[in-house]
Amino acid sequence: MPEPTKLQPAEFQPYVPAHESRREFTFRAVLLGCIFAVLFGAVTVYVGLEAGLTVAASIPIAVLSISVLRGLGRASILENNIVQTTGNAGQSIASGVIFTLPALIFLGFDLEYFRIFILALLGGWLGVLFMIPLRRQLIVEEHGKLTYPEGTACADVLVAGEKGGSFASRVFFGLGLGALYTLFQNENLFAAWPGSPKYDPNWLPGASLRCAATPEYMGVGYIIGARVAGTLFAGGVFSWFVLMPAIHFFGARFPSPIYPGTAPISQMSPSDLWSAYVRPMGAGAVAAAGLITLLRSMPTIYGALKDGAKNLGKRAATVSTRRTDRDIPMSVVLVGSVLLVVMIFFFLEFKPVPGAQVGWLANFAAALLVFFFGFLFVTVSSRIVGLIGSSANPVSGMTIATLMATAAIFLVKGWTEPAFGALAISIGGLVCIASANAGDTSQDLKTGFLVGATPWKQQLAVMVGVIVCVFSIGLTLKAMNRGLETFTPMKEAIPYNLNAPIPGVNVQQSHFERAHFLLTDPDKTTKFVSGSPYILLNALGSPVLPNGKYLYNPATGKIEIEWSQGIGSAQAAAPQGRLMATVINGILTRKLPWGLVWLGVFLVIAVELLGVRSLSFAVGAYLSIGTTLAIFAGGVIRWIIDRLTERASGEGESDVSPGSLYASGLIAAGGIMGLVGVVIKLYEGATGHELHLWFPAGSLAYRILYHQWIAVVMFVLLGFSLFYFARKPMKKERG
């Protein structure tokens, strides 16, 4: 393959010359790509909600595609490129969705499947159409200046596969061993040992050491590397071993609750301290870090906008007829973009968030804001990923800027009711999805440029991938929110008078819609309870109840049960979604624990002054230490492998390495098996029957295996498997 950086655009010759025609946009390639889009879209939702991080999917998809199409016969490098282009849409759309739309839950609204579907579809298509006019300038004219690291690495994989290289076995090993491990570890499956071993030190009240010992966290840690994983864990150590013990030390002497807590600190567990005090601080830290990241990128953003404006009408006077120069026609792009913006207006106008109706003027303004910020940040995203890669793309910072500007406009207009918060999240969600998809589409088009693909076929493949993946993304979000939910008795039932409601507490359903639900008692025993006697209440900004949903029993006149949504729990923290809700609440309602928010802001400033990139630290400070410790374990293994590899060859691991491919398999396995566990919980909730797959409490196997040290040993063995396969060379096979 020619060396890209040493050739001028006019001299560059792709792997497949422009005059040569090979199998490309075939039915089997599109079908296989759609399967991967559905699969990796669902896995990205699962892992992203858990860890607050996403990893690129194009390389593992390309590796798997090479193996599958080779088995089917007559495989073409351009077919494999269409597969990875179509499949990668699932990961990029899922990233934009999970960073924003869960905020609706934190604002007190329901997350509807149809809303997720439409916003993801419109935002994804908008990102593709807005990026098409930029392709020639960014991908072709600036070839050698904008490297697009993930796109270039994926092209290397495709070329190696075309020459007979085989990488898929390492991904399949990760899938197989990761799935087997998760089957026994996951608390919704066999639960052979504790899924998250923990240690609460008596010598430091308020602190807790935990590890969510899942293969997907270990895989994520390995791929992001030791530096980022270590920074994430440092944030967790600060929150769980400095801040929370300090809160307990100074606050335990007070007999009454301290805002925003609703119970005395002396009675709060580490999890309660984290939920009440650390999360607001962490949200402030992540918001500040996102804005700092955006400000740091301003020179690049300014350059992107300047170059984009300079070259806006600079398309060649004579349109090239070469196969490798053909985009979707500009007339289709312009008409399609206008139609999408019109569809956004009609969707917001005629299908508002339930309980969040606004006037047509606000919805029209929202559609214009989506158009303006969408094109602005699609341009920025498409260029910036060419310089620093998709993993460092400050999409969350762009979304925060969009939300802050939108909320400020709403505030000036006096639109401060909760309904406008939901509208602002819809705007931010569309912009975030469009920006995320444009960045990954740019990487895919760079891959296509290097291997000699037909641009319009790739662009069409992305749009097909968007259509397919939004089905699984919405289903996965809804499934996780319901499958990971918990109903627990209140520590102390709270008297409530419907005729004199508590401020911030409102009736959401006069008759709870569930026929029955699974109630988890403090001793972890469970039982099914009828939902018919209860009234559903929603608390938002209440001085008495934490934000959330509660069940009120009219017979006793008390709030008896807390209903914790799956999204927002320790298992699916959704840090970016909570951050977006915090930004909206902070501007529109100004009802925030500002002391804690500002503490997070100045913590980030201190970290930046130390010379550390603060976004990873801020996310780590927000997440449970169980998440960051497991990610750190993967990062440590990557550090060891890099040191050994450098000693042998003089350079560390690449993105296409045995360890990275095995780690990709672990991530996919953990996500897939985790979703199987979620489906089981959904079945239990729908039928009223618990499934005891294996190891029932009290059995001999349970008494032997269900110990903290067993969980630690098994996680160490999983880590050893990652080390072993990372060190074992891959065999190159001829196809």
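Scope of this entry: the structure provided in the associated data block. (Residues numbered from 1 in each chain as written. Predicted model: local features only at pLDDT ≥ 70, side-chain atom pairs only at ≥ 80, totals over all residues. Heavy atoms only, no water.)

## Observations regarding the overall build of the chain
Check the secondary structure of the chain and you find 24 helices and 9 strands. For the chain, whose C-alpha radius of gyration is 25 Å, the value lies close to the compact-globule estimate of 27 Å for 735 residues. C-alpha atoms of the chain, sized along the principal axes, occupy 80 × 65 × 50 Å. Looking at the chain as a whole, 58% of its 735 residues are labelled buried. Within the chain, counting contacts between residues at least 6 apart in sequence, those at least 24 apart form 81% of the total. On the chain, roughly 29,600 Å² of surface is accessible, and the fraction owed to carbon and sulfur atoms is 65%. Computed over 52 positive and 40 negative side-chain charges, the inter-centroid distance for the chain is 4 Å. (Helix = DSSP H or I, 4+ residues; strand = E, 2+ residues; numbered from the N terminus. Rg over C-alpha atoms; globule rule 2.2 N^0.38 Å. Buried < 20%, exposed > 50% of the residue type's maximum accessible area, 1.4 Å probe, protein only. Contact = heavy atoms within 4.5 Å. Areas by Shrake-Rupley, 256 points an atom, 1.4 Å probe, with all protein chains shown as cover. Lys, Arg positive; Asp, Glu negative; His and termini not counted. Charge placed at Lys NZ, Arg CZ, Asp CG, Glu CD.)

## What to know about the environment of Ala-461
Here Ala-461 lies in helix α17 (residues 455-483). Leaving out residues up to four positions away in the same chain, Ala-461 has contacts with Phe-25, Ile-82, Thr-85 and Thr-86.

## Digging into the packing of helix α11 (residues 270-296) against helix α19 (residues 594-609)
Direction vectors running N to C along α11 and α19 enclose 45°, while the axes themselves pass 7 Å from each other. The angle between α11 and α19 places the two elements in the oblique class. Like other packed secondary-structure pairs, α11 and α19 cross with a definite hand, here right-handed. Contacts between α11 and α19 involve Ala-276, Tyr-277, Pro-280, Met-281, Gly-284, Ala-285, Ala-288, Ala-289, Ile-292 and Arg-296 from the first element and Leu-596, Val-597, Leu-599, Gly-600, Val-601, Leu-603, Val-604 and Glu-608 from the second. Counted by class, the contact of α11 with α19 contains 14 nonpolar, 2 polar and 2 charged residues. (Axes fitted to C-alpha atoms, helices over the stretch in contact; angles between N-to-C directions. Parallel < 35°, antiparallel > 145°, perpendicular 65-115°, else oblique. Left-handed = near helix turned anticlockwise from the far one by under 90°. Nonpolar A, V, L, I, M, F, W, Y, C, P; charged D, E, K, R; others polar.)

## Topic: the side chain of Ser-92
Secondary-structure assignment places Ser-92 in helix α3 (residues 77-100). Within polar-contact distance, the side chain of Ser-92 engages the backbone oxygen of Ala-89 at 3.1 Å. Those residues in contact with Ser-92 that lie beyond four places of it in its chain are Ala-436, Asn-437 and Asp-440. (Polar contact = N/O pair within 3.5 Å; in protein donor to acceptor, adjacent residues only side chain to side chain.)

## Re the pairing of strand β6 (residues 526-530)
Side-chain positions along a regular strand alternate between the two faces of the sheet. As judged from the 5 bridges shared by strand β5 (residues 516-520) and β6, these two strands associate in the antiparallel manner. Considered in β6, the bridge of Leu-518 is made with Phe-528. In sequence, β5 turns back onto β6 through a hairpin of 5 residues, with Lys-524 there showing a positive phi of about 75°. (Pairing = 2+ DSSP bridges.)

## Let's talk about the nonpolar core
Core analysis: the biggest nonpolar cluster contains 207 residues, and Leu-49, Ile-93, Val-97 and Ile-425 have the highest contact counts within it. Residues in contact with Ile-93, not counting those within four places in the same chain, are Ala-120, Gly-124, Ile-433, Asn-437, Val-466, Cys-469, Val-470 and Ile-473. In terms of nonpolar packing, the next biggest core, distinct from the first, is built from 12 residues, Met-490, Val-505, Tyr-550 and Ile-559 among them. (Core = buried A, V, L, I, M, F, W, Y, C linked by side-chain atoms within 4.5 Å.)

## Quick word on the environment of Arg-28
Looking at the secondary structure, you find Arg-28 in helix α1 (residues 27-51). As for Arg-28 and Leu-72, which are separated by 44 residues in sequence, their C-alpha atoms are 9.6 Å apart. Once residues lying within four places of it in the same chain are set aside, the contact partners of Arg-28 are Arg-23, Leu-69, Leu-72, Gly-73, Arg-74, Ala-75 and Glu-79. Only 2.9 Å separates the side chain of Arg-28 from the backbone oxygen of Gly-73, close enough to count as a polar contact.

## Some remarks on the pattern of salt bridges
Here the idea is simple: oppositely charged side chains can pair when their charged atoms come close. If you walk through the whole model with that rule in mind, you get 19 salt bridges. A single salt-bridge network, built from bridges that share partners, covers Arg-136, Glu-141, Arg-322 and Asp-325. (Salt bridge = Lys/Arg side-chain N within 4 Å of Asp/Glu carboxyl O.)

## Some remarks on the packing of aromatic side chains
Across all of its chains, the model carries 35 aromatic pairs by this definition. Measuring from centroid to centroid gives 6.3 Å for Trp-594 and Trp-598, while their planes differ by 35°, and the two rings are tilted. With a gap of 4 residues between them, Trp-594 and Trp-598 both fall in helix α19, about one helical turn apart. The exposure class assigned to Trp-594 is partly exposed, which follows from its relative accessible area of 34%. Accessibility expressed as a relative area gives 45% for Trp-598, which makes it partly exposed. (Phe/Tyr/Trp six-rings, centres within 6.5 Å; stacked < 30°, edge-to-face > 60°.)

## Quick notes on unusual backbone geometry
Pro-260 follows Tyr-259 through a cis peptide bond whose omega is 5°. One non-glycine residue with positive phi stands out, namely Arg-74, at about 55°. By the secondary structure assignment, Arg-74 is in the loop between α2 (58-72) and α3. Look at Arg-74 and you get exposed, because its relative accessible area is 67%. A positive phi angle, close to 50°, is found at Ala-574, a residue other than glycine. Following the sequence through the fold, Ala-574 ends up in the loop between β9 (558-564) and α18 (575-588).

## Section: the state of the cysteines
Per the stated rule, a full pass over the model turns up 0 disulfides. You can see Cys-154 has no disulfide; the closest cysteine sulfur is in Cys-34, sitting 17 Å from it. We note that Cys-432 lacks a disulfide partner, and the nearest cysteine sulfur, in Cys-469, lies 14 Å from it. Classification of Cys-432 as buried rests on a relative accessible area of 1%. (Disulfide = S-S within 2.5 Å.)

## Regarding helix α15 (residues 395-413)
The end-to-end C-alpha distance of α15, which contains 19 residues, comes to 27 Å, matching closely the 27 Å that a straight helix rising 1.5 Å per residue would cover. Three or more residues of α15 are buried, namely Val-395, Ser-396, Gly-397, Met-398, Thr-399, Ile-400, Ala-401, Thr-402, Leu-403, Thr-406, Ala-407 and Phe-410. Once α15 ends, the next one or two residues include Gly-414, with phi positive near 80°. (Expected span 1.5 Å × (residues − 1).)

## Points about the pairing of strand β8 (residues 548-553)
With respect to burial, β8 is a largely interior element, 5 of its 6 residues being buried. As paired elements, strand β7 (residues 535-539) and β8 share 5 bridges and run antiparallel to each other. Within β8, the residue paired with Ile-535 across the bridge is Tyr-552. Where β8 meets β9, 5 bridges bridge the pair, whose relative direction is antiparallel. Across the sheet, Asn-553 pairs through a bridge with Lys-558, a residue of β9. Once β8 ends, the chain turns through 4 residues before running back antiparallel as β9, passing Gly-557 with a positive phi of about 70°.

## Focus: the packing of α1 against helix α22 (residues 658-687)
Contact geometry for α1 and α22: axes closest at 9 Å, N-to-C directions at 80°. With respect to α22, the axis of α1 lies roughly perpendicular. The residues of α22 that touch α1, namely those facing Leu-39, Ala-42, Val-43, Tyr-46 and Val-47, are Ile-667, Ala-668, Gly-670, Gly-671, Ile-672, Gly-674, Leu-675 and Val-678. Partitioned by chemical class, the residues of the contact of α1 with α22 number 10 nonpolar, 3 polar and no charged.

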